[in-house]
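Okay, here's what each chain looks like letter by letter:
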Amino acid sequence: METMHQARYAIEQRLALEQSNTNAGGSSTVSSTTAVDEGMRKEATAILTNLKSIMWDNVGVVRTPSKLALAVSELSAMRDEADQLWNNSSSGGCGGAGWEVVALRDA
């Protein structure tokens, strides 16, 4: 069990490093990313992090019926949040949404 937590931590650290490298000066394919509301980006990132956590803890290799039921209810609520965030993003489409919002929509 400890090894799984260490692997999860390593993956999260690598994702955070890749994200910080992209934000720090990596070239972006979408020129309008600077116009994206930072609050929406942070909210989408938080929801994605929560999604990873729910999947890891409740739907991974070690799972029980009660954990699966909990995951279903949490994922349903999370889906509603993601839909609301997508609909509230500027222009309601990919043109105004950051990659985090788009990734959340696709998750």
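Above this text sits the structure in question.
Residues numbered from 1 in each chain as written. Predicted model: local features only at pLDDT ≥ 70, side-chain atom pairs only at ≥ 80, totals over all residues. Heavy atoms only, no water.

Trainee: Help me out: how do you make sense of the packing of helix 2 (residues 38-58) against helix 4 (residues 99-106) in this one?
Mentor: Describing two packed helices takes the angle between their axes plus the distance from one axis to the other. Between helix 2 and helix 4, the shortest axis-to-axis distance is 8 Å and the interhelical angle comes to 35°. Judged by the sense of rotation from one axis to the other, the crossing of helix 2 with helix 4 is left-handed. Of the residues in helix 4, those touching helix 2 at Met40, Arg41, Ala44, Thr45, Ile47 and Leu48 are Trp99, Glu100, Val101, Ala103 and Leu104. For the contact of helix 2 with helix 4, the per-class residue count stands at eight nonpolar, one polar and two charged. (Axes fitted to C-alpha atoms, helices over the stretch in contact; angles between N-to-C directions. Helix = DSSP H or I, 4+ residues; strand = E, 2+ residues; numbered from the N terminus. Left-handed = near helix turned anticlockwise from the far one by under 90°. Contact = heavy atoms within 4.5 Å. Nonpolar A, V, L, I, M, F, W, Y, C, P; charged D, E, K, R; others polar.)

Trainee: How do you make sense of the packing of helix 3 (residues 65-88) against helix 4 when you look at a structure like this?
Mentor: Across the interface, helix 3 lies against helix 4 with an axial gap of 9 Å and an inter-helix angle of 135°. Classed by the angle they form, the pair helix 3 and helix 4 counts as oblique. The crossing of helix 3 and helix 4 is left-handed. Each of Arg79, Ala82, Leu85 and Trp86 in helix 3 lies in contact with helix 4, whose residues at this interface are Val101, Val102, Leu104 and Arg105. Residues that form the contact of helix 3 with helix 4 fall into these classes: six nonpolar, no polar and two charged. (Parallel < 35°, antiparallel > 145°, perpendicular 65-115°, else oblique.)

Trainee: Is there a simple way to think about helix 3 in this case?
Mentor: The end-to-end C-alpha separation of helix 3 is 35 Å, in line with the 34 Å expected for 24 residues at 1.5 Å each. What helix 3 keeps buried is the set Ala71, Met78, Ala82, Leu85 and Trp86. Turning to helix 3, the residues buried within the fold contact helix 2 and helix 4. (Expected span 1.5 Å × (residues − 1). Buried < 20%, exposed > 50% of the residue type's maximum accessible area, 1.4 Å probe, protein only.)

Trainee: Could you clarify how one ought to interpret the nonpolar core in this entry?
Mentor: Proteins that are soluble and globular tend to have nonpolar side chains buried together. Membership of the largest hydrophobic core comes to 14 residues, with the highest contact counts inside it found for Ala44, Met78, Leu85, Val101 and Leu104. At the level of elements, helix 2, helix 3 and helix 4 are the ones that each hand at least two residues to this core. Sorting elements by how many residues they give to this core places helix 2 first, with six residues. In contact with Ala44, not counting residues within four places along its chain, are Leu85, Glu100, Val101 and Leu104. (Core = buried A, V, L, I, M, F, W, Y, C linked by side-chain atoms within 4.5 Å.)

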